[in-house]
Amino acid sequence: MKKLLAVVCVALALVSTTFAAKKGKSVKVGVSMPTKDLQRWNQDGANMKAQLEKAGYQVDLQYAANDINTQISQIENMITGKCKVLVIASIDGSALSNVLATAKKKKIQVIAYDRLIMDTDAVTYYATFDNYKVGTLQGDYLVDKLGLKSRSASDPVYMEFFTGDPGDNNINFFFGGAMDVLTPYIDKGVIVCPSGQTAKAQAATLNWSTEEAQKRMENLITSNGYGPKGKKLDAVYCSNDSTANGVTNALLSAGYTADNFPIITGQDCDIVSVKNMLKGLQAMSVFKDTRTLASKVAEMVDAILSGKGAPVNDTETYNNNVKVVPSFLCEPVFGDVNNYKKLLVDTGYYKESELK
């Protein structure tokens, strides 16, 4: 019995030593973010690096300047640099198949971060927020604030639509969720889109660019005659804050003020958009606490490097055209002038002074 106990103790010691080695500074995790140009990716990258370093890992964090070839090159360097796990927020979800095939050959596991990586079997897990719910939160907000349930085609609202980059699989969920809520009202004539641009491809914004969204909104203003003294515009659905900011800029240039501003939706609670909410220039933004997502991804990395299955709560929804990728979905919530302080300031996400 004593011999058996001794053997068990030695075995446990070996396991403990192995686990400790895995968590040592020699274990490297690669984190690939799409760009530094958007506030949210800076926060995501910083949060991820902090969480993983706290867990004991060495972190290779790279930003790809929204250039696909740069991201591929950075991931190649992470593979060559012996990263054991890759966490990737892709620029184009379908552009990474070849480089990730190399990662798979080297038994490097891949976590798709926030954006599902498409057309490859090399993705092990997906970590994101419930992006369909993001869209339904935005749609439900518009239904409520515009009183759509009590309106008819004789008293319609006038609305335009903006979503994100066509290469980002997330727009299928953001835009899809919102349109599932809003399409019945479009079909009844309760929502009228004067431009007729209600399809995803028509509403898409390359690279989620504020500048591109502003240009398109300026064109819509000109072609449809929108203005405080012109054709009525009640709302603009925007999938996120960078597109919302472009729309806001165009509307301000057209003479709109807080007193007559259309309802604008958004996502990410970027500082510019929160300031705009406080000025009456944006109605709401869906808040996805990147600290929560970063913490969950660090937990997933830890599980992978400990030889365990990572925690997931969805094994059915996210098909990347090759496989259904096991996923963990965090919960989004919406923020507006009524709850921003509790949501963003009291939780330490922003300081009150940053929103002045």
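On a predicted model such as this, the values are computed, not experimentally measured, just so you know.

Caption draft 1: Fine view of the overall build of the protein chain. Of regular secondary structure, the protein chain possesses 12 helices and 12 strands. Along the first, second and third principal axes, the C-alpha set of the protein chain runs to 90 × 40 × 35 Å. Residue burial in the protein chain is summarised as follows: out of 356 residues, 53% are buried. Within the protein chain, counting contacts between residues at least 6 apart in sequence, those at least 24 apart form 72% of the total.

Caption draft 2: Highlighting the sheet that holds strand β9 (residues 263-264). Across the sheet, which stays open at both edges, the four strands sit in the order β7-β6-β8-β9 with parallel pairing between neighbours. At either margin of the open sheet sits one strand with a lone partner, and together these are β7 (191-192) and β9. Where strand β8 (residues 235-238) and β9 come together, two bridges link them in parallel fashion. Opposite A235, over in β9, you have I263 as the bridge partner. On top of the sheet, helix α5 (residues 131-145) reaches β6 (157-162), β8 and β9; it is set at about 170 degrees to β8, its chief contact. Most of the contacts of helix α6 (residues 170-187) go to β6, to which it runs at about 160 degrees, and overall it touches β6, β7 and β8.

Caption draft 3: Representation of the sheet that holds strand β4 (residues 109-113). Sheet architecture is open: six strands sit in the order β2-β1-β3-β4-β5-β11, paired in parallel fashion. The open sheet has two edge strands, β2 (58-63) and β11 (327-330), and neither has a second partner. Strand-to-strand twist of the sheet, defined as the mean angle between neighbouring strand axes without regard to direction, takes the value 15 degrees. Summarising the sheet, strand β3 (residues 83-88) and β4 pair through four bridges and their orientation is parallel. Opposite L86, over in β4, you have V110 as the bridge partner. Here helix α3 (residues 68-80) sits on the sheet and contacts β1 (28-33), β2 and β3; the angle it forms with β3, its principal contact strand, is near 160 degrees.

Caption draft 4: Representation of unusual backbone geometry in the model. Even without being a glycine, K82 presents a positive backbone phi close to 65 degrees. Residue placement: K82 occurs in the loop between α3 and β3. Here K82 falls in the exposed class, since its relative accessible area comes to 61%. Of note in this structure, D268 is not a glycine but carries a positive phi near 110 degrees.

Caption draft 5: Representation of the layout of surface pockets in the model. As a volume, the largest pocket reaches approximately 250 Å³. Lining the largest pocket are 14 residues, and of these D37, L38, W208, T210 and E211 lie nearest its centre. Elements that contribute at least two residues to the lining of the largest pocket include exactly α8 (210-224), α9 (241-253) and α10 (271-279). Counted by class, the lining of the largest pocket contains four nonpolar, seven polar and three charged residues. One number sums up the size of the second largest pocket: a volume of about 150 Å³. Y141, K145, F261, P262, I263, M277, G280, Q282, A283 and V337 are the residues that line the second largest pocket.

What counts as what
Residues numbered from 1 in each chain as written. Predicted model: local features only at pLDDT ≥ 70, side-chain atom pairs only at ≥ 80, totals over all residues. Heavy atoms only, no water. Helix = DSSP H or I, 4+ residues; strand = E, 2+ residues; numbered from the N terminus. Buried < 20%, exposed > 50% of the residue type's maximum accessible area, 1.4 Å probe, protein only. Contact = heavy atoms within 4.5 Å. Pairing = 2+ DSSP bridges. Axes fitted to C-alpha atoms, helices over the stretch in contact; angles between N-to-C directions. 1 Å grid on protein atoms, 1.4 Å probe; cavity = no way out; pocket = protein on both sides within 12 Å on 5 of 7 lines; lining within 4 Å. Points joined across faces, edges and corners; volume = space filled by probe spheres on them. Nonpolar A, V, L, I, M, F, W, Y, C, P; charged D, E, K, R; others polar.

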